[in-house]
Amino acid sequence: MVDGIKQAQLNVVWQVIRAGLMADINVKCHPGLKHLLNENETPAKFLAMTPEEILVRWVNFQLRRVCNHKQIKNFYRDIQDGEVYTYLFTAICPQDTDLLPLRENDLEDRMEIILDYAPT
């Protein structure tokens, strides 16, 4: 029962953090996001997307720049193995990263390497 309460508390904390992180993900705050429109997509449809959908689109745009085989649909199971983070860091700061974390099979060790690459 205690573990269930702790999990519920962590879920609430995550939802608050997520809401704060996603609040400014929109075309008004970041006009460059308009470049993420798909072919034949209207600006109105793009503007109707949730911040999380826009962020998924941006991540996939960055992933296409460095690899063609990896795309995400959500920020839960699709990022757990660290592969997306490795490719994402390689796309946005290639001078400071490489694909070394992908050689690590132990996921905890892989995430430690990735965290070392994370911009501060």
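Rules of the game
- Residues numbered from 1 in each chain as written.
- Predicted model: local features only at pLDDT ≥ 70, side-chain atom pairs only at ≥ 80, totals over all residues.
- Heavy atoms only, no water.
- Helix = DSSP H or I, 4+ residues; strand = E, 2+ residues; numbered from the N terminus.
- Contact = heavy atoms within 4.5 Å.
- Axes fitted to C-alpha atoms, helices over the stretch in contact; angles between N-to-C directions.
- Parallel < 35°, antiparallel > 145°, perpendicular 65-115°, else oblique.
- Buried < 20%, exposed > 50% of the residue type's maximum accessible area, 1.4 Å probe, protein only.
- Arc of directions from axis to C-beta.
- Polar contact = N/O pair within 3.5 Å; in protein donor to acceptor, adjacent residues only side chain to side chain.
- Core = buried A, V, L, I, M, F, W, Y, C linked by side-chain atoms within 4.5 Å.
- Left-handed = near helix turned anticlockwise from the far one by under 90°.
- Nonpolar A, V, L, I, M, F, W, Y, C, P; charged D, E, K, R; others polar.
- Salt bridge = Lys/Arg side-chain N within 4 Å of Asp/Glu carboxyl O.

Draft legend 1. Layout of unusual backbone geometry. In this model, Asn 40 sits at a positive phi of 65°, which is unusual for a non-glycine residue. Within the secondary structure layout, Asn 40 lies in the loop between helix H1 (2–22) and helix H2 (43–47).

Draft legend 2. Spotlight on the side chain of Thr 86. In this structure, Thr 86 sits in helix H4 (residues 83–92). With near-sequence residues (within four places) excluded, Thr 86 lies in contact with Asp 98, Leu 99, Pro 101, Leu 102 and Ile 114.

Draft legend 3. Fine view of the packing of helix H3 (residues 51–66) against H4. At a minimum axis separation of 8 Å, H3 and H4 run at an interaxial angle of 75°. On the basis of their axis angle, the class for H3 and H4 is roughly perpendicular. On H4, the residues touching Trp 58, Val 59, Gln 62, Leu 63, Arg 65 and Val 66 of H3 are Val 84, Tyr 87, Leu 88, Thr 90, Ala 91 and Ile 92.

Draft legend 4. Highlighting helix H5 (residues 107–117). Listed in full, the buried residues belonging to H5 are Arg 110, Ile 114 and Tyr 117. What you see down the axis of H5 is that its buried residues fit within an arc of 50°, all on one side. Relative to its buried face, H5 has exposed residues pointing more than 90 degrees away, namely Glu 108, Leu 115 and Asp 116. Turning to H5, the residues buried within the fold contact H4. One side-chain oxygen of the residue at the start of H5 lies 3.2 Å from the amide nitrogen of Glu 108, identifying that residue as Asp 106.

Draft legend 5. Main features of the nonpolar core. Counting residues in hydrophobic clusters, the biggest one holds 9 residues: Val 56, Val 59, Leu 63, Cys 67, Ile 72, Ile 79, Val 84, Tyr 87 and Leu 88. Elements supplying a minimum of two residues to this core: H3 and H4. Look past the residues within four positions of Val 59 in its chain and what remains in contact with it is Ile 72, Phe 75, Val 84 and Leu 88. Grouped together as the second largest cluster of nonpolar side chains are 7 residues, Met 22, Phe 46, Met 49 and Ile 54 included.

Draft legend 6. Quick look at the packing of H4 against H5. Their axes nearest at 10 Å, the elements H4 and H5 cross at an angle of 25°. With respect to H5, the axis of H4 lies roughly parallel. Our pair here, H4 against H5, has a crossing hand that is left-handed. Here Glu 83, Tyr 85, Thr 86 and Phe 89 of H4 come into contact with H5, specifically with Arg 110, Met 111, Ile 114 and Tyr 117. When its residues are assigned to classes, the contact of H4 with H5 shows 5 nonpolar, 1 polar and 2 charged.

Draft legend 7. Examining the pattern of salt bridges more closely. Overall, the coordinates contain 2 salt bridges when judged by the stated rule. When the shortest N-O distance is used, the salt bridge between Glu 41 and Arg 57 registers 2.7 Å. Highlighted residues: Glu 41 in the loop between H1 and H2 and Arg 57 in helix H3, separated in sequence by 16 residues. Each member of the pair, Glu 41 as well as Arg 57, is classed as buried. The residue Lys 70 makes a salt bridge to Glu 83 at a minimum N-O spacing of 3.6 Å. One end of the pair, Lys 70, is in the loop between H3 and H4; the other, Glu 83, is in helix H4, and 13 residues separate them in sequence. Residue class for Lys 70 comes out buried when judged on its relative accessible area of 17%. The class of Glu 83 is buried, set by a relative accessible area of 16%.

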